[in-house]
Structures are given as C-alpha cells and as structure tokens.
Amino acid sequence: MADYKITLLKGDGIGPEIVNQAVKVLDAACDKFGFTVEYDEALLGGCAIDAAGVPLPDETIAKCKASDSVILGAVGGPKWDTLPGNQRPEAGLLGIRGALGLFANLRPSVIFGSLKSASPIKDEIIGGNLDIMIVRELTGGIYFGERGRKEVNSIPAAWDTEMYSTEEVERIARVAFDLAMKRNKKLTSVDKANVLESSRLWRETVIKVSEEYPEVELNHMYVDNCAMQLVRNPRQFDVIVTSNIFGDILSDEASMIAGSIGMLASASLSGGKLGLYEPIHGSAPDIAGLGIANPLATILSVAMMLRYSLDRPQAADAIEAAVAKVLETHRTSDIYEEGLIKVSCEEMGDLVCKAL
Ligand code: NAD
C-alpha cells in the first residue's frame, strides 16, 4: 500500500494538462525523498456534467473523502456558460469545498527573484523578496448568508447577509496564528470594524485567540486601508487573515503583485490533514489543448500539499527550489522574457523534475 492516497480532479480546459505535469513532479519527489503515492481520478465541473449530468457527482465526494489530499486543475468553460447557476461547473467547486469542510483558504503571494519584472509594482517597493500569506475564511460570511429580493417603495431591491459566529472566527484565526508561528510571527487581521457589527465580533474574537499565541505580533487593519497598503508597502505583511469576501478581493490583488496568474498556488484546508490544492487561475479555455499552459501554479500547489497535508516539508522546499532554478533560464509563453528559452507545458514539467 502506498504511503499516501491522492485524488486528482483534473477538471476542464487546461486542467488535465497542468495536473499531468504536477503528478510527474510529485512522482519525482517521491523517488527523491523515498515515499509513495497512489492516485485516483474523479470528475468535477464541466467534464462531470457531460459524463454524469451534475458538476459534483457523489462518487467524487466519496473518493476525495477517502484520500489524504486532493489536487484540482480548474473547471469551467464556454460550453457550460449558459447553464443555470446551480448546474454550472463552478457550483461543483463550491460544493466540494463545502462537502470536505474546507473552511480555510491559503493563498501565498510570492515573487521569484527572476520574475520580478513581471510584477506591476516597482522594484524598490517589492525590495529583495516578497512573501505574503493570505488566509481567507472560505465557508461562511456573505457568500453563504441569507439573501433575497424585495420591493422597496415599488422599486426592485436585493439584500445579502454577512454573519460570522465566534466559532467560525476562532477556527480560521487559529489556522492563521499557527501559520504565523511557522513564518515571521506577524499577523494582520483585516476587517471593517468601524462600520460592520460582524467585523467588530471578528476583531474581538481574533484578539481573544491571540492570547494563546503570545509570540505572534497581531495588528488590525481596515480592509480599505489594507487594499491600499498592499500596493504601497507590501513588505509590511507576513500573514493576513480575513473574511470570505474581503479575502476574495485582497488575495486577487496580492496575486497581481506577484505578476503572473500562471504562478500562483493555493490550499484549502479543513483543520485536519485533508486539503484541496489548486492553482488560483481558471481553466483558460483560450489556450486549452495548445500545450502552452504554465503548469507551475499547479506544481507549486503540490509543494503546498507536501508541506501542509503530507508533512513532507523537505520535498516541498525542494520543489520550490527546483521551480526557482528552472525559471532562471526557461519560461512558458505567459511569462516569457527575451533571451530565455521558451518551453511548452510538458517541457516545463520535465525541467522541474530534472532540477529536482
Ligand atoms: P482564467 O484564469 O482561466 O484565464 C485568464 C487568462 O489567463 C486567460 O488569458 C488565460 O489564457 C490565462 N491563463 C490562466 N491560467 C494560465 C496558465 N496556467 N498558463 C498560461 N496562461 C494562463 O480565467 P477566465 O478566463 O476568467 O475563466 C475561464 C474559465 O475558468 C471560466 O469558466 C471560469 O468560470 C473558470 N474559472 C475556474 C476557476 C477554478 O477552477 N478554480 C477559477 C477561475 C475561473
């Protein structure tokens, strides 16, 4: 029996191409560090709609629950865009997060030295190195709150609700404090406590949890200020923890600082070992099947999986180092710079394996 069981959700568009490269790199890491992985595949998104009539078949949930971790490519595409909201591929994505209890979304924003010029932020602002970790609450808040439509003075209106319980805030705060302990021991909690009652409860609760982590320096920031500070002085941040909606927006902003969408990994955690690891980009239907997709975000997601779910930090470090090395000389077309060698999706996977 293998040491770990991994479910692959390749999905749609470029999903299969990039996951295949990530598997290749994981296999190379297994050989180098002496552990074994067994794979199973399951359907999610458009491919599941085509084969089983629903974006998230029960079998997919069962397979994911029975594994140590899940690697996801991406879902969606124009073929399914006209379906009603709850039958679209993206509904499968929300469904699997809920079914696996993945309440914490980790999105690192890291700039590899050789890719600095891809960032829209000036060199002197980024400095030598940028490494921010955004921890976003993923299963609560306004995206899951009650909503509706009504008429106010005969004019159509709509409403959504932001609600957090202390329990929800405590568990996401603990994930963030634990991460801060493994990094630079600095945590910024982002809210809108000057206006929102739910944010005031968020802030009170985070302060309470901070008593368990006396070594971590905690500060609070309003979300509007944080959006500004991320481009003004991103180096001030180590770990940021925030609600579902604020995290959605801030993590996209932070990812842009890092330059290319094809480079950014993410992890969704349940508090236990099981996690779902995926690139932050979508299924890129415009380049699907051309063999030119950048597989590095998915490969870096595998590094996160090794670190956060499989407890193989050395293998994770080695994959990240291999990616950094390859980037000095080789690039896929989305991050290509003159003077370097342009490679395909598959060649990039091979190069990372070789560097490993
Ligand atoms: P996208 O991220 O798929 O693509 C945006 C742009 O970035 C495109 O030009 C694409 O070619 C490029 N790009 C993305 N990933 C790349 C990579 N690895 N290498 C090179 N270039 C890359 O976003 P979109 O076009 O808004 O969405 C396309 C589909 O993906 C939609 O159906 C959307 O709903 C879905 N989507 C899925 C997820 C997910 O599965 N987690 C996330 C976002 C969007």
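In case you missed it, the structure is sitting above this.
Here is a short report on the structure shown in this document. Each chain carries its own residue numbering, running from 1 in the direction its sequence is written. Given that the model is predicted, a residue must reach a pLDDT of at least 70 before its local features are reported, and side-chain atom pairs must reach 80 or more before they are shown or counted; all residues, however, enter totals for whole chains, interfaces and linings. Side-chain calculation: all heavy atoms of the structure are included, whereas hydrogens and water are not.

**With respect to the side chain of aspartate 238**
Positionally, aspartate 238 belongs in the loop between α8 (223–232) and β10 (239–242). On the basis of relative accessible area, aspartate 238 is assigned to the buried category, the value being 3%. A distance of 2.8 Å separates the side chain of aspartate 238 from the backbone nitrogen of asparagine 184, its partner in a polar contact. In this view, aspartate 238 contacts Asp131, Ile132, Met133, Ala180, Arg183, Asn184, Lys185 and Lys186; residues no more than four positions away in its chain are not counted. Each helix is a run of H or I in the DSSP string that is no shorter than four residues. Each strand is a run of E no shorter than two, and both are numbered from the N terminus. Relative accessible area decides the class of each residue, using a 1.4 Å probe on protein chains only: under 20% of the type maximum gives buried, over 50% gives exposed, and in between gives partly exposed. Under this definition, polar contacts are N or O atom pairs within 3.5 Å; protein pairs additionally need one hydrogen-donor-capable and one acceptor-capable atom, and for neighbouring residues in sequence, both atoms have to be side-chain atoms. Any pair of residues with heavy atoms lying within 4.5 Å of one another is described as a contacting pair.

**What about the pairing of strand β8 (residues 186–191)?**
The buried count for β8 comes to five of six residues, which makes it a mostly enclosed element. Two strands form a pair only when DSSP identifies at least two bridges running between them. In this structure, β8 lies alongside strand β9 (residues 217–222), joined through six bridges in parallel fashion. For aspartate 191, the partnering residue across the bridge sits in β9 and is tyrosine 222. Here is how to tell: hold the view so the strands point away, follow the path from the first strand over the helix to the second, and if it runs clockwise the crossover is right-handed. Where the polypeptide runs from β8 across helix α7 (residues 197–210) and back to β9, its parallel neighbour, the crossover connection is right-handed. Taken together, the four bridges between β8 and β10 define a ladder with parallel strand orientation. Bridge pairing in β10 places threonine 188 opposite isoleucine 240.

**With respect to the packing of helix α10 (residues 296–308) against helix α11 (residues 313–327)**
Interaxial angles span 0 to 180 degrees and are taken between N-to-C directions of axes, which are lines fitted to C-alpha atoms, for helices over the stretch in contact. Running from amino to carboxyl end, α10 crosses α11 at an angle of 160°, the nearest separation of the two axes being 7 Å. As far as their axial angle goes, α11 and α10 are roughly antiparallel. The way α10 lies across α11 gives a crossing that is left-handed. Packed against α10, whose contacting residues are Leu296, Ile299, Leu300, Val302, Ala303, Leu306 and Arg307, the element α11 presents Pro313, Ala315, Ala316, Asp317, Ile319, Glu320, Val323 and Leu327 at the interface. Note on residue classes: Ala, Val, Leu, Ile, Met, Phe, Trp, Tyr, Cys and Pro are nonpolar, Asp, Glu, Lys and Arg are charged, and everything else, Gly too, is polar. Partitioned by chemical class, the residues of the contact of α10 with α11 number 12 nonpolar, no polar and three charged. Any angle from 65 to 115 degrees is called roughly perpendicular, while one under 35 is roughly parallel, one over 145 is roughly antiparallel, and all others are oblique. Each helix crossing is assigned a hand: it is left-handed if the near helix lies turned anticlockwise from the far helix by less than a right angle, otherwise right-handed if that turn is clockwise.

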